[in-house]
Amino acid sequence: MDTKLFHPEFKARPYWWEALPDEEWPQAELPARADVVIIGGGLTGLNCAIELGRGGARPVVLDGEKLGYGASTRNGGGVSGGNTIGKGLSGAKGRSGGSADELVKAMIGDAVEGLNHVEAIVAREKIDCFYERTGRFIGAFTPKHYQGMEGKMAQLNELAMADAHMVPRERQREEMASDYYYGGMVINRTGKIHPALYHWGLMQAAERHGATLVGHTRAGKLTKIADGWRVDTTRGPIEAREVVIATNGYTGDLTPDLKRRMMPIASHIIATEELDPELAASLIPKKRTLADSKRVLCYYRMSPDGKRVLFGGRAKFTQVSPEVSAPLLHGMMLQRWPQLKGVRVTHAWTGNVAFAFDYLPHMGRTDKGLHYALGCNGSGVGILSYLGAEVGKKILGQANRVPSFDGQDFPTKPLYFGNPWFLPVVGTWYKFRDWLDRASA
C-alpha cells in the first residue's frame, strides 16, 4: 500500500460509519407472522416500514447483512430535488389517455417530493443527521455542456422549482477554489445529509412505530399461500399478507425478474485526512455539494464538520479494491484541486448504484404480486425514501394519489439476466468520449 497516499490509520470502510455507535443494532427475533415483510433494510425499506407502522400495520424488515450495509450508508449524502432525472424523461411515454408532456411534468413533480419527504421525516422524527439545504454546483466539463445546462435551466426552475442559476467561468471561484470547469449551474433546491446517521435515525423511527428489524437474515424462497406469502429465511420461515422488495443495487436471485431490470454499478468514494482549517474553508466557500457534467461523473463535498474532502465517482464501473479505486479518485481530486497534493486518504469504500435501463425510478407490483421500489439511478436518498413511503401508503390503502413512477413499463434487454458484464466496455467508451470532448473544448 502506498504510504504517501494512504494514511497510516487507513480504513477500507465508509467514513460515515465512524459516527455510528460501536455496538450493532440489537438483533430482533424473527416472528412467525407479520402484516408485511420488507426485504431490504436500507432507506427504501425503512421509509416503507415507518409509513406502515404509522398506519397500524406490523411490518418486519429483513436484511441479509446488518441493516444499512449497502448503499444507504455508503452514498455521498446528496439529496436531490427533482433535478437529476432528466435523462430518463426523454423516453417517457404517457399512460393511455395521457400525453408524454403530462407524464414528464408528473415525474419531475414526484422527484421534487423526494426532497420534501426527506426534510419532513427528518423534522418529524427528529433525526440528527446534519441535514442542510445548501445547494449544488454542477461544473460544466466543456463549454458545450455549459450551453446545454443553460438551455435546461428554465424547465428546471419551472417544473422542479430548482431555484437554479448559471455561474460563468469567470465567477466560478465563488463556488469552488478551482478553474477546472467552464462555469456551471447552481441548483439551490438540493440538500446534503449524513447518510449513516439518517439511516440510523430511520431505524429508531421504524422501531418506535412498531416495525421489527431483523438483520443478518437472508430471504430465500418466496411461496404464495392462501392468505399471502411464506418467506423462507436463514433463520426460519415467516408468513405475511404482503411482501415488499427494497433491494435496489443488491437485487439478486430471490427475484430474478426484477434483477433483469437493474444494472448494479459500483461507485467509489474516498475521504481525506483532516485539512488545514484555512485550506478546508477555501475549497467550497458556500458549503455546497459539487458534481460535474462528465459521462464518467464525479461528486464531492466537505464532511459535515468541514474538515476533510469526501470525493466520489466512477473510478471503475465494477467492484475493485481501495488499492485500485483510491489512487484514481485521488488523481481526479487533484485535477480539480491541485492545492491538495500530498493530502492522504483515511477511508475508501464502494457501494452499488442501481440503474434502470430507462434511467427512471420505478415502483409497482410484479405479476406475482410482490411490491417493489427500485432504481435510484444515482440519486436514491430522496427518491427512494419517498417511493418507499408511497409503497407503504399503497399497501395501507391510504394513498390519495398514484405516483407517476408507479406501474410504468419496467424495461430489460434481451439476454440480460442481471450481470452487467458490458460495463467495463461502456466505461472505457464513456471515458474516451469525455477525453474527446475535453480535448476539443
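Right above here is the structure, for reference.
About the criteria used
Residues numbered from 1 in each chain as written. Predicted model: local features only at pLDDT ≥ 70, side-chain atom pairs only at ≥ 80, totals over all residues. Heavy atoms only, no water. Helix = DSSP H or I, 4+ residues; strand = E, 2+ residues; numbered from the N terminus. Buried < 20%, exposed > 50% of the residue type's maximum accessible area, 1.4 Å probe, protein only. Polar contact = N/O pair within 3.5 Å; in protein donor to acceptor, adjacent residues only side chain to side chain. Contact = heavy atoms within 4.5 Å. Patch = residues over 30% accessible without salt bridge, like charges linked within 9 Å, V, L, I, M, F, W, Y side chains within 5 Å. Areas by Shrake-Rupley, 256 points an atom, 1.4 Å probe, with all protein chains shown as cover. Salt bridge = Lys/Arg side-chain N within 4 Å of Asp/Glu carboxyl O. Core = buried A, V, L, I, M, F, W, Y, C linked by side-chain atoms within 4.5 Å. Phe/Tyr/Trp six-rings, centres within 6.5 Å; stacked < 30°, edge-to-face > 60°. Lys NZ or Arg CZ within 6 Å of the ring centre and 35° of its normal. Axes fitted to C-alpha atoms, helices over the stretch in contact; angles between N-to-C directions. Parallel < 35°, antiparallel > 145°, perpendicular 65-115°, else oblique. Left-handed = near helix turned anticlockwise from the far one by under 90°. Disulfide = S-S within 2.5 Å. Pairing = 2+ DSSP bridges.

## Here we look at the side chain of T233
Checked against the element boundaries, T233 lands in strand 11 (residues 228-233). A relative accessible area of 13% means that T233 is categorised as buried. For T233, the side chain forms a polar contact with the main-chain oxygen of G236, separated by 2.5 Å. Excluding anything up to four places from it in sequence, T233 contacts L30, L62, T217, R218, A219, G220 and I238.

## Quick word on a nonpolar patch on the surface
Where nonpolar side chains cluster on the molecular surface, the patch consists of W429, F432, W435 and L436 and spans about 460 Å² of accessible area. Of note, W429 is situated in helix 10 (residues 423-439). Among the residues examined, W429 registers a relative accessible area of 46% and is labelled partly exposed.

## Considering the nonpolar core
Within soluble globular proteins, side chains that are nonpolar tend to cluster in buried spots. Counting 104 residues, the largest nonpolar core has V37, I38, Y198, L213 and V231 as the members making the most contacts within it. Tallying contributions element by element places helix 3 (residues 100-124) first for this core, with 10 residues. Grouped together as the second largest cluster of nonpolar side chains are 32 residues, L5, Y180, A280 and A315 included.

## Here we look at the environment of W337
Following the sequence through the fold, W337 ends up in the loop between helix 8 (322-336) and strand 17 (345-356). You can call W337 buried: its relative accessible area is 0%. Sequence separation between W337 and N157 is 180 residues; the distance between their C-alpha atoms is 30 Å. Those residues in contact with W337 that sit more than four places away from it in its chain are M176, A177, S178, L283, I284, L290, Y300 and V309.

## A few points about the packing of aromatic side chains
In this structure the tally under the stated criterion is 15 aromatic pairs. Ring centres 5.5 Å apart and planes at 80 degrees place the aromatic pair W421 and F422 in the edge-to-face group. Measuring from ring centre to ring centre gives 6.0 Å for F432 and W435, while their planes differ by 25 degrees; the resulting arrangement is stacked. Remark: W435 and F432 occur in helix 10; sequence separation between them is 3 residues, near one turn of the helix. For W435, a relative accessible area of 55% corresponds to the exposed category. Site record: aromatic cluster; members linked through ring pairs are F357, Y416, W421 and F422. Its end group placed over the ring of F141, K294 keeps NZ or CZ at 5.3 Å from the ring centre. Positioned over the ring face of Y180 is R438, at 4.3 Å from the centre of the ring.

## With respect to the packing of helix 1 (residues 43-54) against helix 5 (residues 195-208)
Two numbers describe a pair of packed helices, the interaxial angle and the distance between the axes. Packing of helix 1 against helix 5 leaves a shortest axis separation of 9 Å and a crossing angle of 30 degrees. By the angle between their directions, the pair helix 1 and helix 5 is classed as roughly parallel. In terms of crossing hand, the pair formed by helix 1 and helix 5 is left-handed. The residues of helix 5 that touch helix 1, namely those facing L43, L46, N47, A49 and I50, are Y198, H199, L202, M203, A205 and A206.

## Points about the environment of A280
Tracing the backbone shows A280 in helix 7 (residues 277-283). Once the C-alpha coordinates of A280 and V309 are considered, the two residues, 29 residues apart in sequence, prove to be 8.0 Å apart. Ignoring any residue separated from it by four or fewer positions in sequence, one finds A280 in contact with L275, M302, G306 and K307.

## So, the state of the cysteines
Cysteine pairs can be linked by a disulfide, which is a covalent bond between their two sulfur atoms. Tallying each qualifying case throughout the model produces 0 disulfides. A disulfide-free cysteine, C48 has its sulfur positioned 17 Å from the sulfur of C376, the nearest such atom. Judged by relative accessible area, C48 falls into the buried class, the value being 1%. Here C129 stays unpaired: no disulfide links it, and the sulfur of C376, its closest cysteine neighbor, is 19 Å away. Residue classification places C129 among the buried residues on the basis of a relative accessible area of 1%.

## Quick word on unusual backbone geometry
Its identity is not glycine, yet H216 carries a phi of approximately 50 degrees, on the positive side. Topologically, H216 is positioned in the loop between strand 9 (212-214) and strand 10 (219-225). The partly exposed category is assigned to H216, whose relative accessible area is 42%.

## Digging into the sheet that holds strand 7 (residues 184-187)
Strand order in the open sheet formed by 9 strands is 1-17-13-16-15-14-5-7-6, and the pairing between neighbours is mixed. The sheet terminates laterally at strand 1 (6-11) and strand 6 (164-167), the two strands that pair on one side only. Sheet twist, expressed as the mean angle between neighbouring strand axes with direction ignored, is 25 degrees. Seen against the sheet, helix 4 (residues 143-159) touches strand 5 (136-139), strand 6 and strand 7 and runs at an angle of roughly 160 degrees to strand 6.

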